[in-house]
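One letter stands for each residue in the lines below.
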Amino acid sequence: MEMGLDAVDLMVECELPGVQGEADVILAGRHPETGDHSYVVTELKQWQRVATDPDDDERFIVANMIGKPKPHPAEQTARTCRALLASHDLFSEPRDRLVGMAYLHNAADHQVTDLLAAPRNRLAYVFTRDSRGALKRFLRRRLAPVSGRESVKLLADSTLFGAYRPDPAGHQGRVHPEFRIRNDWDGATHWVTTVLRATFTADQKSAVLVTGLSRLEASQLASTTAEFLRRAGYRARLLTPEDAYEPPRCDMLLCGESTLEQALIRAEEPAGREVLGSYVRSLFAAAQVPVFMLSTDLSGMGREPEAFAAVLREAAADAGLKARTLSLDSDFH
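Worth saying up front: this structure is predicted, and the values here are computed from it rather than measured.

K.L.:
Run through helix α5 (residues 185–201), naming residues and quoting values.
P.N.:
Counted at 1.5 Å a residue, the expected span for α5 with its 17 residues is 24 Å, and the 24 Å between its end C-alpha atoms agrees. Counting buried residues in α5 gives 13 out of 17 residues, a clear majority hidden from the surface.

What follows is the structure in structure tokens.
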């Protein structure tokens, strides 16, 4: 395989007890840092052009494919992962052994914008032909270039929980602890980065509001995301207090906590609302994708984050932009 992981074992079109349906491929091997067993449930799709079903935003219409609208391919891998977590003792301990991904190898980002922008979780990474570099880095973080034969055998021999009984509706008999996206930084960074790529290629310009983080977390995520985007070839900039009122022209402009605090201070001037609206519009104009990190710490200054988010949404609407919100304190599902 081109990723430099030739020794990793592939379980192709495998059926596992306790899991409904087949997984296209499960990559099995060792984690490069911990040496523990590591598995990547993979869904391969030849889809090229995809749009959200107008009657159901959780289903997608695939060009040149007959039949009913399809579920999100990443949700298919997440469903397999959840079944494994709920049913197999191999995954009973809180170890980072399992993750899922979908790879649309025929599709460019702009052809599957709706798929990339759809909410998902740490069990459901998505890659296209435009993000092969990110795919390579992802796999190398999950799998070492060593034989996965023992990992294949361990999964094949893994026993079901005695109390596990999937009911006819497909619900699991064992509840696995919930995660929050902010507790998985790789997952959070990948989701935010993918949504920003999708927003950049969309027909209509949008502002992106990232919520649910502390001030420190927002700063860290902004820095990491900007670096990922720059390595992918985008002109991504972090807005600093020094250039806050002369924002740089770029593809993606990530506005951190310190910048937002300056905006809030300006908003308290006599013409506060108008000043704030004018300031936000200058940020909108500077970038194809303006991004605002709204930390929960804003409330510590006597201001509610949701109130400020409402101002941003109003300013976006006035400027003819959509406003998309990513909530990083949402539960994984």
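Resuming the write-up.
K.L.:
Requested: an account of the pairing of strand β4 (residues 50–53), with residues and values cited.
P.N.:
Sheet analysis places β4 next to strand β5 (residues 56–62), joined by 4 bridges and oriented antiparallel. Paired with valine 50 across the strands is valine 62, a residue of β5. Between the antiparallel neighbours β4 and β5 lie 2 residues.

K.L.:
I'd like to hear about the side chain of histidine 37, residue by residue, with values.
P.N.:
By secondary structure assignment, the location of histidine 37 is in strand β3 (residues 37–45). Within the local environment of histidine 37, its side chain forms a polar contact with the side chain of serine 151, the two groups lying 2.8 Å apart. Not counting residues up to four positions away in its chain, the partners in contact with histidine 37 are Gly29, Arg30, Arg97, Glu150, Ser151 and Leu154.

K.L.:
Describe helix α3 (residues 132–142), with residues and values.
P.N.:
Buried within α3 we find Leu135, Phe138, Leu139 and Arg142. End-on, the buried residues of α3 take up no more than an arc of 95°, which puts them together on one face. On its buried face, α3 sits against β2 (23–30), β3, β7 (98–104) and β8 (125–128).

K.L.:
Explain the state of the cysteines to me, using residue names and the numbers behind them.
P.N.:
Under the criterion given, the structure shown has 0 disulfides. The thiol of cysteine 250 is unpaired, and the distance to the nearest cysteine sulfur, on cysteine 255, comes to 8.6 Å. Looking at cysteine 250, the relative accessible area reads 4%, which means it is buried. Residue classification places cysteine 255 among the buried positions, given a relative accessible area of 0%.

K.L.:
Just give me the short version of the packing of aromatic side chains, but keep the residues and values in it.
P.N.:
Within this structure, the stated rule accounts for 5 aromatic pairs. Arranged with centres 6.5 Å apart and planes meeting at 5°, the rings of tyrosine 125 and phenylalanine 127 form a pair that is stacked. Just as tyrosine 125 is buried, phenylalanine 127 falls in that class too. Here the aromatic cluster, defined as three or more aromatic residues joined through ring pairs, consists of Tyr125, Phe127 and Phe138. Sitting over the face of the ring of phenylalanine 228, arginine 137 holds its NZ or CZ atom 6.0 Å from the ring centroid. A cation over a ring is seen here: arginine 231 above phenylalanine 228, with NZ or CZ 5.1 Å from the ring centre.

Reading the values: rules and limits
Within each chain, residue numbers correspond to sequence positions counted from 1 in written order. In keeping with the predicted nature of the model, local features appear solely for residues at pLDDT of at least 70, side-chain atom pairs appear and are counted solely at 80 or more, and the whole-chain, interface and lining totals rest on all residues. For side-chain calculations, the full set of non-hydrogen atoms in the structure is used, while hydrogens and water are omitted. Numbering goes from the N terminus for both helices and strands, where a helix is a DSSP run of H or I of at least four residues and a strand is a run of E of at least two. The span one expects for a helix is its residue count, reduced by one, times 1.5 Å. Burial classes: relative accessible area under 20% of the type maximum marks a residue as buried, over 50% as exposed, and values in between as partly exposed (1.4 Å probe, protein chains only). Here a strand pair is declared whenever DSSP counts at least two bridges between the two strands. Here a polar contact is taken to be a pair of N or O atoms separated by no more than 3.5 Å, where protein atoms must pair a possible hydrogen donor with a possible acceptor and residues adjacent in sequence count only if both atoms sit in side chains. Contacts were defined at the residue level, with two residues in contact if any of their heavy atoms lie within 4.5 Å. Each C-beta atom gives one direction from the helix axis, and the arc is the one those directions make. Disulfide assignment relies on a single distance test, namely cysteine sulfur atoms paired within 2.5 Å. For this analysis, a ring pair means two rings from Phe, Tyr or Trp (six-membered ring only for Trp) whose centres lie within 6.5 Å, classed as stacked if their planes differ by under 30 degrees, edge-to-face if by over 60, and tilted for the remaining angles. Only when the NZ of Lys or the CZ of Arg is both within 6 Å of the ring centre and within 35 degrees of the ring normal is a charge said to sit over the ring.

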